[in-house]
Amino acid sequence: DVIPPASAPTAIPADIHNLADYERHAEALLPADAWRHIQGGADREVTLTANRTAFDKVRLLPRVLTDLRGGNTALDLFGRQLSSPILLAPLAYQKIAHASGEGETVRAAMALDTPMIVSTLSSLTLEDIATIGQQTAAGFGIAPASLWFQLYLQEEREWSAELVRRAEVAGYEAIVLTVDTSIKRSTFVLPEGVDAANLRGMPRRTHTTTPGGNILFGTPLLNVAPRWEDLAWLRSLTKLPLLVKGILAAEDARLAIEHGADGIIVSNHGGRSLDGAPSPLDVMSSIVKAVAGRVPILLDSGIRSGSDVAKALASGATAVLMGRPQFHGLAVAGMAGVAHILHILRAELEFTMAQLGCATLADITADRLFVSGR
Ligand code: FNR
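Let me begin by describing the structure that accompanies this report. (Residues numbered from 1 in each chain as written. Predicted model: local features only at pLDDT ≥ 70, side-chain atom pairs only at ≥ 80, totals over all residues.)

## Some thoughts on the overall build of the protein chain
Stage number 1. The helix and strand tally for the protein chain stands at 12 helices and 12 strands.
Stage number 2. In summary, the protein chain has a C-alpha radius of gyration of 20 Å against a globular reference of 21 Å for 374 residues, a match within 12%.
Stage number 3. Seen through its principal axes, the protein chain has C-alpha atoms that stretch 65 × 50 × 40 Å.
Stage number 4. Burial analysis of the protein chain (374 residues in total) assigns 43% to the buried set.
Stage number 5. Sequence separation of at least 24 residues holds for 72% of the intrachain contacts in the protein chain that already meet a minimum separation of 6. (Helix = DSSP H or I, 4+ residues; strand = E, 2+ residues; numbered from the N terminus. Rg over C-alpha atoms; globule rule 2.2 N^0.38 Å. Buried ≥ 20, exposed ≤ 12 C-beta atoms within 10 Å, placed from the backbone. Contact = placed C-beta atoms within 7 Å.)

## Re the packing of helix H11 (residues 306-314) against helix H12 (residues 325-356)
Stage number 1. Where H11 meets H12, the closest approach of the two axes is 7 Å, and the angle between their N-to-C directions is 60°. The angle between H11 and H12 places the two elements in the oblique class. In this structure, H11 crosses over H12, and the sense of that crossing is right-handed. On H12, the residues touching Gly306, Ser307, Val309 and Ala310 of H11 are Leu345, Glu348, Leu349, Phe351, Thr352, Met353 and Leu356.
Stage number 2. In terms of residue class, the contact of H11 with H12 is made up of 7 nonpolar, 3 polar and 1 charged. (Axes fitted to C-alpha atoms, helices over the stretch in contact; angles between N-to-C directions. Parallel < 35°, antiparallel > 145°, perpendicular 65-115°, else oblique. Left-handed = near helix turned anticlockwise from the far one by under 90°. Nonpolar A, V, L, I, M, F, W, Y, C, P; charged D, E, K, R; others polar.)

## Regarding the site of the ligand
Stage number 1. Around the ligand there are 22 residues in total, and Ala92, Ser119, Thr178, Gly270 and Gly323 lie nearest to it.
Stage number 2. A per-class count over the shell around the ligand returns 8 nonpolar, 10 polar and 4 charged. (Near = placed C-beta within 6 Å.)

## Here's the deal with the packing of helix H1 (residues 19-29) against H12
Packed helices, taken two at a time, are described by the angle between their axes plus the distance between the axes.
Stage number 1. Here H1 crosses H12 at 170°, and the two axes come no closer than 10 Å. By the angle class used here, H1 and H12 are roughly antiparallel. Note that H1 runs across H12; the crossing there is right-handed. Of H12, the residues touching H1 (which contributes Leu19, Tyr22, Glu23, His25, Ala26 and Leu29) are Pro325, Phe327, His328, Gly329, Ala331, Val332, Gly337, Ile341 and Ile344.
Stage number 2. Taken together, the residues of the contact of H1 with H12 sort by class into 10 nonpolar, 4 polar and 1 charged.

## Considerations on unusual backbone geometry
Stage number 1. We note that Asp43 has phi near 45°; this positive angle belongs to a residue other than glycine.
Stage number 2. You can see Asp43 is positioned in the loop between helix H2 (32-39) and helix H3 (46-56).
Stage number 3. Residue Phe78 is not a glycine yet carries a positive backbone phi of 50°.
Stage number 4. We classify Phe78 as partly exposed; it has 17 C-beta atoms within 10 Å.

## A few points about the nonpolar core
Stage number 1. Formed by 97 residues in total, the largest nonpolar core has its most connected members in Phe149, Val176, Val244, Ile264, Val266 and Val320.
Stage number 2. Per-element accounting of this core gives the leading share, 15 residues, to H12.
Stage number 3. Leaving out residues up to four positions away in the same chain, Val266 has contacts with Ile247, Leu248, Pro280, Val283, Met284, Ile287, Ile297 and Leu299. (Core = buried A, V, L, I, M, F, W, Y, C linked by C-beta atoms within 7 Å.)

## Structural notes on the environment of Ile303
Stage number 1. By the element assignment, Ile303 lies in the loop between strand S10 (297-299) and H11.
Stage number 2. Here Ile303 falls in the buried class, since 27 other C-beta atoms lie within 10 Å of it.
Stage number 3. Between the C-alpha atom of Ile303 and that of Arg324, which follows or precedes it by 21 residues, the distance is 9.3 Å.
Stage number 4. In this structure, Ile303 is in contact with Asp308, Val309, Ala312, Val320 and Met322, ignoring residues within four places of it in sequence.

## A word on the environment of Gln94
Stage number 1. If you trace the backbone, Gln94 turns up in the loop between strand S4 (86-88) and helix H4 (102-111).
Stage number 2. Sequence separation between Gln94 and Leu121 is 27 residues; the distance between their C-alpha atoms is 9.2 Å.
Stage number 3. Those residues in contact with Gln94 that sit more than four places away from it in its chain are Gly101, Glu102, Thr105, Ser122, Ser123 and Leu330.

Below, the structure is given as structure tokens:
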């Protein structure tokens, strides 16, 4: 594979001020089928809608005249100092939105010192993404990209093990096991030249349904579906921090920690998994109780502004992931677009913190959430 060079800078339209503006511009630029694929949720999109309404119904209580000197958005996550609690969620096939795909995203991540979680289904290989990170770091004299690898368990353990080994060799710093695979019914066909680069050469089996009318139960598909014992196996395979993404039930958070997870990502896959599932924000209090401070809790699905980030942190999250807006930034201006989106979110978070009287992320506690009548 030829590593895509940094693309020529694209001008960012002057009327873009927030993530909603990026979304509007991206819709005008992307082919209609790609737009539907990126934006869509499962079934009737009840959960997709709930992800936004959950944030919108939370109120933040401003505090005035607090001492904000020395304020910052820094945090320590798995022993690494991060300058902000906003990470890039794993998104498959980023070449859908930009010819250089993940190559643009990793450069933006580095410019803003943001960890990027690379999908198993990335359209550049995980090695090429790491190489772009190293070359960019050398060229600009900046820190190399902080890359995490998102794993979808493969049908054969050996293939999963191979992916984890490759990520370790390429310098990835954490493994994210996604357990809530998107089952969105989709007619979207990947454009020419876009494929699952990491899985080239791995055999793909086709599963046929068994006679008797069952669609899923009784089919070979269930025999290869991941189970809790696979998480324990994965834990034994790597010393890297291991996170489980796609937790909504408190009991599953408890089980994930029991089976070796170092972190939980509360997520409904951006409303693309079970339609009717609650939004992450709505389950946070029960998850926080179950986790009881043992591991960091990350959250995604619906983060679109700095005040959303503050609401997630006030509800008990240590950090958040941002999904679809990466595609919007890629479509509008490639690397510059994704970097600008990260910059906007960070600026909005700082303004929100200032108005909440919070000088540090640790100050964003539950008493900043306004509860009527309290
Ligand atoms: C995703 N997501 C996802 N998650 C994952 O673990 N591996 C993947 O390959 C993908 N691919 C993917 C593609 C597209 C088009 C979307 C929209 C989402 C889910 C993603 O990591 C994240 O959980 C959600 O996108 C978060 O919600 P928001 O920020 O998009 O609302």
